[in-house]
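Secondary and tertiary structure notes
So you can see what is in the structure, the chains are spelled out below.
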Amino acid sequence: RQDTMLKRFFFYGLAGWGVEMVWTGAGSLLNGDLTLPGQSNLWMFFIYGCAVFLEPLHHAISQWNWFLRGLLWVLVIWSIEYASGFLLYKLLGAYPWYYSDSLALNGLITFSYAPAWFVAGLIFERLHRTLDNYGIA
């Protein structure tokens, strides 16, 4: 079980990192930068990898309506994003990311990302089910 968790930690870490690079690269395109630079940091690999600890929650809510599950994922992701960003700020003395839009809370989360986190949570569920169904890791 520990070996499986470690493999899935790396899988989720790499998957999250990849999605973040595509997301920020697409954002660059929307801002007119055709070189599509994406950005992230090494800390994000570890934060995304911790999705392995959300698998039991997914099992617990799997029978819920998809809309309620999506709302819960938004709250869970915001909590993790805020807590991990706050912890890294306290440890490093610098923000690992900083949201500056009018819907940001202390620069650590932004309410404008609610739709993205809603979809990300449901994608995580699908990824988790796929790993389970195919016995991956």
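Below or above, wherever it landed, is the structure these notes cover. Quantities reported herein were computed from a predicted structural model and do not represent experimental measurements.

With respect to a nonpolar patch on the surface
A cluster of nonpolar residues, Leu42, Trp43, Phe46, Leu87, Leu91 and Leu92, forms a patch on the protein surface that exposes about 640 Å² of accessible area. Counting only elements with at least two residues in the nonpolar patch, the list comes to α2 (42–49) and α4 (66–92). Residue placement: leucine 42 occurs in helix α2.

Considerations on the packing of helix α1 (residues 2–30) against helix α5 (residues 114–133)
One way to put it is that α1 packs onto α5 with a least axis distance of 12 Å and a crossing angle of 145 degrees. Both α1 and α5 take part in a crossing whose hand is right-handed. Of α5, the residues touching α1 (which contributes Arg8, Phe11, Tyr12, Ala15 and Trp23) are Ala116, Phe124, Leu127, His128, Leu131 and Asp132. Classifying every residue of the contact of α1 with α5 gives eight nonpolar, one polar and two charged.

Details of the packing of aromatic side chains
Note on aromatic pairs: each is described by the distance of the centres and the angle between the planes. A full pass over the atoms with the stated rule returns 18 aromatic pairs. Each ring, one from phenylalanine 11 and one from tyrosine 12, has its centre 6.1 Å from the other, and the planes form 70 degrees; the classification is edge-to-face. Judged by centre distance (5.4 Å) and plane angle (80 degrees), the ring pair of tryptophan 73 and phenylalanine 124 falls under edge-to-face. Of this pair, tryptophan 73 sits in helix α4 while phenylalanine 124 sits in helix α5, and the two are 51 residues apart along the sequence. Each member of the pair tryptophan 73 and phenylalanine 124 is classed as buried. One aromatic cluster is present, built from ring pairs that chain together Phe9, Phe10, Trp17, Phe45 and Phe46.

So, how was this worked out
- Residues numbered from 1 in each chain as written.
- Predicted model: local features only at pLDDT ≥ 70, side-chain atom pairs only at ≥ 80, totals over all residues.
- Heavy atoms only, no water.
- Patch = residues over 30% accessible without salt bridge, like charges linked within 9 Å, V, L, I, M, F, W, Y side chains within 5 Å.
- Areas by Shrake-Rupley, 256 points an atom, 1.4 Å probe, with all protein chains shown as cover.
- Salt bridge = Lys/Arg side-chain N within 4 Å of Asp/Glu carboxyl O.
- Helix = DSSP H or I, 4+ residues; strand = E, 2+ residues; numbered from the N terminus.
- Axes fitted to C-alpha atoms, helices over the stretch in contact; angles between N-to-C directions.
- Left-handed = near helix turned anticlockwise from the far one by under 90°.
- Contact = heavy atoms within 4.5 Å.
- Nonpolar A, V, L, I, M, F, W, Y, C, P; charged D, E, K, R; others polar.
- Phe/Tyr/Trp six-rings, centres within 6.5 Å; stacked < 30°, edge-to-face > 60°.
- Buried < 20%, exposed > 50% of the residue type's maximum accessible area, 1.4 Å probe, protein only.

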